[in-house]
Amino acid sequence: MNAFRDRRVVLGVSGGIAAYKAVEVCRRLVDAGAFVSTILTEDAHRFIGPVTFSALSSEPVHTSLWDDASPIPHTRLGQNADVIVVAPATARIIAAYATGSSYDLLTATLIATRAPVVICPAMHTEMWEHPAVQHNIAVLRSRGVIVVDPQEGRLAGGDVGAGRLADPDTIVGAVEGVLSGRGRDMEGMNITVTAGGTREPIDAVRVIANRSSGKQGYAIAEEAHKRGASVTLISTVDRPTLPGISLVEVETAAQMLQAVETHAPASHVVVMTAAVADFRPVHTADGKIKKQNGIPEIALEATPDILAALGTAKPEHQVLVGFAAETNDVVENARGKLKRKNLDLIVANDVSAPGVGFGHSTNAVTIISADGSETFVPLADKHSIATAVLDSVVAVRSARRSQ
Ligand code: PMT
């Protein structure tokens, strides 16, 4: 379901160098189907012109309490909004909102709304780390305001540090979370996700591989990132992903095991989406095996079962999720794996069904929980499947907390 369709988003743009990035946020919100009203503060005008936003938003840009056709633009915008997002949010806007000060259209709208608010701070590191700013942020968080933390990176004037506006994908993802009712329900969680198929070398040029494209694993990593989790993605494939996701590149099952062992202990959630080869050559030949020497006999041995190792060492706080690629007795086989590997959830896909599993952009799964419950998710794009998997993870965590 498209969370943006026909929803009203007020985009507040305040005066910082990152204001230019709000153009991309505006465009993506409109493309996703939202009705976007943009408010530019007076300081924002110094960085970006209103014409750009008028061209991209769903209605002409709003700039003042007094110039609008409506005599009370702040109440109209505030009352009609499904969500307000301020990107970038300067230290001044944050302070005004935290103290209830209303001195222009954006601050008045923030106070005149009951809609959820997403604040995306951007400023120099010294300002972001100032106790007054951090206090105001804590006040806003305590009132339920969603804060999309700034990232580390290059700042105005060539400085490098924390304070850079979150990337547009993250901001739009946070808005999507609000509109879908999920918010940033994975904030504070570390999640490790594996993706792709391992490649086990036969010689210098040949490998034993499988058809995993990494799409399902990447979708899980990206949806978790949008929901506020801190994500480590251990991948065998070269695919672009969202900035802010920490990518660890591996090739073989042994390398994946090592990476997983490094990251899993501190993870609240581990999702093994990768198709790990079950067998690998006992020896990898030096150089390329020459075909003139006849057909080689390649002795195979079992790879380490990474998921089983995770299940054995599972910390009490962790939710461990496996996948099961099956072609028959799908649910029954998956249940066996869930038990044997000491998992909390297993996601079973019938990879012989059309559009399901390896390589496709779609999937259909049954999510089976250690408590015996089963959720069937019919054929859908892999991001929707990822959302359903993460909903189950969140449900397991809340059930544990209420025990
Ligand atoms: O990458 P895509 O093209 O998007 O395709 C997605 C997918 C089909 C790869 C994915 O949906 C999926 O089913 N992943 C699991 C594939 C698999 O290896 O299934 P399995 O039933 O053989 O393994 C069961 C579980 O044990 C899996 O979580 C696997 O990661 C894990 N395993 C398996 C073998 C091994 N040596 N170590 C493991 O950790």
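Residues numbered from 1 in each chain as written. Predicted model: local features only at pLDDT ≥ 70, side-chain atom pairs only at ≥ 80, totals over all residues. Heavy atoms only, no water.

Caption draft 1: How the structure looks around the domain arrangement of the chain. We note that the domain assignment places domain 1 (2–180) and domain 2 (184–402) within the chain. Domain 1 and domain 2 are separated by 37 Å when their C-alpha centres are compared. Counting residues at the interface gives ten residues for domain 1, matched by six residues for domain 2. Note on domain 1 versus domain 2: buried area summed over both sides is about 690 Å², and carbon and sulfur give 53% of it. Its largest share of buried area at the contact with domain 2, domain 1 owes to D167, D169 and T170, together 42% of the area lost on that side. Inspection of the region where domain 1 meets domain 2 yields one salt bridge. The partner of E176 in a salt bridge is K226, with the nearest N and O atoms 3.9 Å apart. Grouping the amino acids of the side of domain 1 that touches domain 2 by side-chain chemistry returns four nonpolar, three polar and three charged. (Domains from an automatic or database assignment. Contact = heavy atoms within 4.5 Å. Buried area = accessible area lost by both parts, 1.4 Å probe. Salt bridge = Lys/Arg side-chain N within 4 Å of Asp/Glu carboxyl O. Nonpolar A, V, L, I, M, F, W, Y, C, P; charged D, E, K, R; others polar.)

Caption draft 2: Up close: the sheet that holds strand β16 (residues 319–326). Reading across the sheet, the eight strands line up as β12-β11-β8-β13-β16-β17-β18-β19 and stay open at both edges, with mixed pairing between neighbours. Each edge of the open sheet carries a strand with a single partner, namely β12 (246–249) and β19 (374–381). Each strand of the sheet is rotated relative to its neighbour by a mean of 20°, with strand direction disregarded. When β16 meets strand β17 (residues 345–350), the two strands line up parallel, connected through six bridges. (Pairing = 2+ DSSP bridges. Helix = DSSP H or I, 4+ residues; strand = E, 2+ residues; numbered from the N terminus. Axes fitted to C-alpha atoms, helices over the stretch in contact; angles between N-to-C directions.)

Caption draft 3: Geometry of the sheet that holds strand β2 (residues 35–40). What the five strands build is an open sheet, ordered β2-β1-β3-β4-β5; its pairing is parallel. The two strands at the open ends of the sheet, each matched to only one other strand, are β2 and β5 (146–147). Pairing between strand β4 (residues 117–121) and β5: two bridges, direction parallel. Pairing of V118 across the sheet is with I146, part of β5. Packed on one face of the sheet, helix α1 (residues 19–31) meets β1 (8–13), β2 and β3 (83–89) and runs near 175° to β1.

Caption draft 4: View of empty space enclosed by the protein. This structure, assessed with the given rule, holds one cavity of 30 Å³ or more. The computed volume of the largest cavity comes to approximately 50 Å³. Elements with a minimum of two residues in the lining of the largest cavity: β1, β2 and α3 (73–80). Broken down by element, the lining of the largest cavity gets its largest block of residues, three residues, from α3. (1 Å grid on protein atoms, 1.4 Å probe; cavity = no way out; pocket = protein on both sides within 12 Å on 5 of 7 lines; lining within 4 Å. Points joined across faces, edges and corners; volume = space filled by probe spheres on them.)

Caption draft 5: Expanded view of the packing of helix α4 (residues 91–99) against helix α7 (residues 131–142). In contact at an axis separation of 9 Å, α4 and α7 are set at 50° when each is read in the N-to-C sense. In terms of orientation, α4 lies oblique with respect to α7. α7 is crossed by α4, and the crossing has left-handed handedness. Across the interface between the two elements, A91, I94, A95, Y97 and A98 from α4 touch V133, N136, I137, V139 and L140 from α7. (Parallel < 35°, antiparallel > 145°, perpendicular 65-115°, else oblique. Left-handed = near helix turned anticlockwise from the far one by under 90°.)

Caption draft 6: Local environment of the pattern of salt bridges. Under the defined criterion, the tally for this structure stands at 22 salt bridges. Note that R27 is salt-bridged to D31, the shortest N-O span being 2.8 Å. Placement of both R27 and D31 in helix α1 is noted, with a separation of four residues, approximately one turn of the helix. Residue classification places D31 among the exposed residues on the basis of a relative accessible area of 54%. One salt bridge in this structure joins R206 and D203, with 2.4 Å as the shortest N-O distance. On the basis of relative accessible area, R206 is assigned to the partly exposed category, the value being 33%. Here the salt bridges do not stand alone but share partners, grouping E24, R27, R28, D31 and D169 into one network. (Buried < 20%, exposed > 50% of the residue type's maximum accessible area, 1.4 Å probe, protein only.)

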